[in-house]
Amino acid sequence: MDEYTIDYLDQLESEAIHIMREVAGQFERPALLFSGGKDSITLVHLALKAFRPGKLPFPLVHIDTGHNFPEALQFRDKLASDLNERLVVRKVEDTIRTKGLTEPKGKFASRNALQTFTLLDTIEEFRFDACIGGARRDEEKARAKERIFSVRDEFGQWDPKLQRPELWNTYNGKIHNGENVRAFPISNWTELDVWNYIRREKIGLPSIYFAHNRAVIEHQGQLVAVSDFIQLDESDVVQNRNVRYRTVGDMTCTAAVESDAATIDDIITEIIATRTSERGETRIDDRVSEAAMEDRKKGGYF
């Protein structure tokens, strides 16, 4: 590679940093949505490159369902503390109580859809006009419809037919009072890109991304962790299996994959060989209907 050739990871990094700075420059009260998952951890790393040695020009915000993996929450808190950055946590269970929402029932009673109410309340509470998220177009077809700057109306709703053109890396952040923008700096990245970048940058991650032994049950071909948040049936057979997680959501709606990949190199080898997207293989909530994600996004979901 000669001196004029730019590595593709450098190109992706440069684009993401440019988007971060555009958000900081165009909006008055942005926030970075941070769950302790690999994509949001990558966003924080990119934000540090964009704004250090100064403080980040936005807080880290987590909408906590109460059904999270403890490893992810521990990592979330430690990273925010180590960086000395502001972490805002708002809990879905508080929204359920104050708004009188109906708690989901069933074997995998996920609060995932209820996150929308808490997110919109948090946006209103802090008057956030832009929320930076770690969604990527390769994850799911509804997310592939998003622009880098994706406008939400005054009710937090998204209309996939009203997308702004984004030509020559020019992003239009102009919004009316009450509207909100979701910005996606790593939208053009793939799962493999993220892992290659994590390897190159030596980014730390929660342990659940690597192979470990965990008690699981098999449900419709997926391995779901045994926890206090799911209801075991008499027919369920609890097994101890070596697994890892490709994506980290709630324990009620995120399945593991069987794996012995204990290092980043091992994980990259697995990803190269797989033919299924991370959400397609591991997210139970996306299987509710073919348009499950798009329906949630239209209502204000991440």
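See the structure printed just above.
This one's a predicted model, so the numbers in the text were calculated from it and none came from an experiment. Residue indices begin from 1 for each chain and proceed along its sequence in written order. Totals for whole chains, interfaces and linings use all residues, but because this is a predicted model, local features are given only for residues with pLDDT of at least 70 and pairs of side-chain atoms are given and counted only at 80 or more. The basis for the side-chain values is all heavy atoms of the structure; hydrogens and waters are excluded.

Trainee: What exactly am I supposed to notice about the overall build of the protein here?
Mentor: Counting from the N terminus, the helices are DSSP H or I runs at least four residues long and the strands are E runs at least two residues long. Of regular secondary structure, the protein possesses 9 helices and 10 strands. Every one of the 302 residues in the protein was classed for burial, and the buried ones make up 54%. By definition, residues are in contact when any of their heavy atoms lie within 4.5 Å. Taking as baseline every contact in the protein between residues at least 6 positions apart, the subset at least 24 positions apart corresponds to 73%. Using a 1.4 Å probe on the protein chains alone, a residue whose accessible area is under 20% of its type maximum counts as buried, one over 50% counts as exposed, and one in between counts as partly exposed.

Trainee: Even after reading the chapter, I still don't get the environment of Leu 9, so can you show me in this structure?
Mentor: Relative to the elements of secondary structure, Leu 9 occurs in helix α1 (residues 8–26). Taking relative accessible area as the criterion, Leu 9 reaches 6% and is therefore assigned buried. Residues Leu 9 and Trp 189 lie 180 residues apart in sequence; the distance between their C-alpha atoms is 9.3 Å.

Trainee: Explain the packing of aromatic side chains here, please?
Mentor: Remark: the centre distance and the inter-plane angle together describe each pair of aromatic rings, the angle taken between the planes. For Phe, Tyr and Trp, where Trp contributes only its six-membered ring, two rings pair if their centres lie within 6.5 Å, and the inter-plane angle classes them as stacked under 30 degrees, edge-to-face over 60, or tilted in between. All chains considered together, the criterion is met by 8 aromatic pairs. When the ring of Phe 149 is compared with that of Tyr 171, the centres are 5.4 Å apart and the planes differ by 35°; the resulting orientation is tilted. Taken together, the residues Phe 149 in strand β5 (residues 149–152) and Tyr 171 in the loop between β5 and β6 (180–183) connect sequence positions 22 residues apart. The class for Phe 149 is buried, based on a relative accessible area of 2%. Chaining the aromatic ring pairs together yields one cluster made of Phe 27, Phe 149 and Tyr 171.

Trainee: Help me understand the sheet that holds β6 in this model?
Mentor: Two orientations exist for strands paired in a sheet by backbone hydrogen bonds: parallel and antiparallel. The rule for pairing is simple: two strands pair if DSSP sees at least two bridges between them. Within the open sheet, the 6 strands sit side by side as β3-β2-β1-β4-β6-β5. Their pairing is mixed. With one partner strand each, in any of the chains shown, β3 (87–91) and β5 form the two edges of the open sheet. Recorded for the sheet is a direction-independent mean angle of 30° between the axes of neighbouring strands. Across the sheet, helix α4 (residues 92–99) is in contact with β2 (60–64) and β3; its angle to β3 comes to roughly 45°. All axes are obtained by fitting lines to C-alpha atoms, using only the stretch in contact for helices, and the reported angles, taken between N-to-C directions, cover 0 to 180 degrees.

Trainee: Quick question: what am I supposed to make of the layout of surface pockets here?
Mentor: Left-over empty space is what a probe sized like a water molecule reveals as it rolls over the atoms. As defined here, a cavity is a set of points on a 1 Å grid over the protein atoms alone where a 1.4 Å probe fits but cannot get out. A pocket is an open set with protein on both sides within 12 Å along at least five of seven lines, and residues line them when an atom is within 4 Å of a point. Grid points are joined across faces, edges and corners, and a volume is the space filled by probe spheres set on the points. Looking at the largest pocket, its volume works out to about 460 Å³. Ile 123, Arg 127, Phe 128, Gly 178 and Glu 179 are the residues nearest the centre of the largest pocket, which is lined by 21 residues in total. At the level of elements, α5 (115–126) and β6 are the ones that each hand at least two residues to the lining of the largest pocket.

Trainee: Whenever I open this one, α5 confuses me. Can you help?
Mentor: End to end, α5 covers 16 Å across 12 residues, agreeing with the expected 16 Å (1.5 Å per residue, within 8%). Here α5 has its buried residues at Gln 115, Thr 116, Thr 118, Leu 119, Thr 122, Ile 123 and Phe 126. All buried residues of α5 fall inside an arc of 165° around its axis, so they share one side. Buried residues belonging to α5 abut β1 (30–33), β2, β3, α4, β4 (130–132) and β6. Residue Arg 127 follows α5 closely and has a positive phi angle near 55°. To estimate the expected span of a helix, subtract one from its residue number and multiply by 1.5 Å. When we speak of the arc, we mean the arc of directions from the helix axis to the C-beta atoms.

Trainee: Would you mind showing me how to read the pairing of β1 here?
Mentor: Looking down a regular strand, the side chains alternate between one sheet face and the other. Of the two faces of β1, the one lined by Pro 30 and Leu 32 and the one lined by Ala 31 and Leu 33 are each fully buried. Direction of pairing for β1 relative to β4: parallel, over a ladder of 3 bridges. Counterpart to Ala 31 in the pairing with β4 is Cys 131. As paired elements, β1 and β2 share 2 bridges and run parallel to each other. Counterpart to Leu 32 in the pairing with β2 is Leu 60. Whether a crossover is right-handed comes down to one check: with the strands pointing away from the viewer, does the path from the first strand over the helix to the second run clockwise; if it does, it is right-handed. This β-α-β element, β1 to helix α2 (residues 38–51) to β2, shows right-handed connectivity.

Trainee: I tried to follow the pattern of salt bridges on my own but got confused; where do I start?
Mentor: Side chains bearing opposite charge may pair, as long as their charged atoms lie close to each other. For this document, the term salt bridge refers to a Lys or Arg side-chain nitrogen within 4 Å of an Asp or Glu carboxyl oxygen. Scanning all chains against the criterion turns up 26 salt bridges. As a salt-bridge pair, Glu 85 and Lys 55 come within 3.9 Å of each other at their nearest N and O atoms. Linking Glu 85 in the loop between α3 (70–83) and β3 with Lys 55 in the loop between α2 and β2, this pair joins segments that are 30 residues apart in sequence. Of the charged contacts in the structure, one is a salt bridge between Lys 107 and Asp 236, with a shortest N-O distance of 2.4 Å. Of this pair, Lys 107 sits in the loop between α4 and α5 while Asp 236 is found in the loop between β8 (222–225) and β9 (239–244), placing the two residues 129 residues apart along the sequence.

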